[in-house]
Amino acid sequence: MPLYKNINIENFRGLEHLRLDNLGLVNVFFGRNNSGKTTLLESIFLLTGFSNPLFAKRNK
């Protein structure tokens, strides 16, 4: 899986604009319920696209 140092998300589900800088190998996202944590993780999953080995399994 590629290493991303920055991610910019625009108009994805409930996220209008989100910019994450200085990401590392391990990152922790926390917050209240319904604050967008799962949406953030799903956007990163989609960003990996066909390079993600789980993508093919999930779409069958």
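Scoring rules and cut-offs
Residues numbered from 1 in each chain as written. Predicted model: local features only at pLDDT ≥ 70, side-chain atom pairs only at ≥ 80, totals over all residues. Heavy atoms only, no water. Helix = DSSP H or I, 4+ residues; strand = E, 2+ residues; numbered from the N terminus. Contact = heavy atoms within 4.5 Å. Core = buried A, V, L, I, M, F, W, Y, C linked by side-chain atoms within 4.5 Å. Buried < 20%, exposed > 50% of the residue type's maximum accessible area, 1.4 Å probe, protein only. Pairing = 2+ DSSP bridges. Expected span 1.5 Å × (residues − 1).

Asker: How should I be thinking about the side chain of T39 in this particular structure?
Answerer: Mapped onto the fold, T39 is located in helix α1 (residues 37–48). Discounting residues that sit within four places of it in the chain, T39 has contacts with F12, R13 and L15.

Asker: Hey, could you run me through the nonpolar core in this one?
Answerer: Soluble globular proteins: nonpolar side chains tend toward being buried together. Residues I7, I9, F12, L15, L20, L23, L40 and I44 constitute the largest nonpolar core, which totals 8 residues. When contributions to this core are tallied by element, the ones reaching two or more residues are β1 (7–12), β2 (15–20) and α1. Among the elements that line this core, the one with the most residues is β1, at 3 residues. Ignoring any residue separated from it by four or fewer positions in sequence, one finds I7 in contact with L18, R19, L20, L23, I44 and L47.

Asker: Just to check I follow, could you spell out the side chain of S43 for this structure?
Answerer: Structurally, S43 is set in helix α1. For S43, a relative accessible area of 12% translates into the label buried. In this view, S43 contacts I9 and F12; residues no more than four positions away in its chain are not counted.

Asker: Just checking my understanding: could you explain the pairing of β1 for this structure?
Answerer: Side chains on a regular strand alternate between the two faces of the sheet. One ladder, built from 5 bridges, connects β1 with β2; its direction is antiparallel. Paired with F12 across the two strands is L15, which belongs to β2. With antiparallel pairing between neighbouring strands as the criterion, β1 and β2 make up a hairpin whose turn holds 2 residues, including R13 at a positive phi of roughly 50°.

Asker: Any chance you could explain α1 here in plain terms?
Answerer: Every α-helical turn comprises 3.6 residues, leaving residues that sit three or four positions apart pointing alike. In this model α1 runs 17 Å from its N-terminal to its C-terminal C-alpha over 12 residues, within 8% of the 16 Å that 1.5 Å per residue would give. Looking one or two residues past α1, G49 carries a phi angle of roughly 50°, positive in sign.

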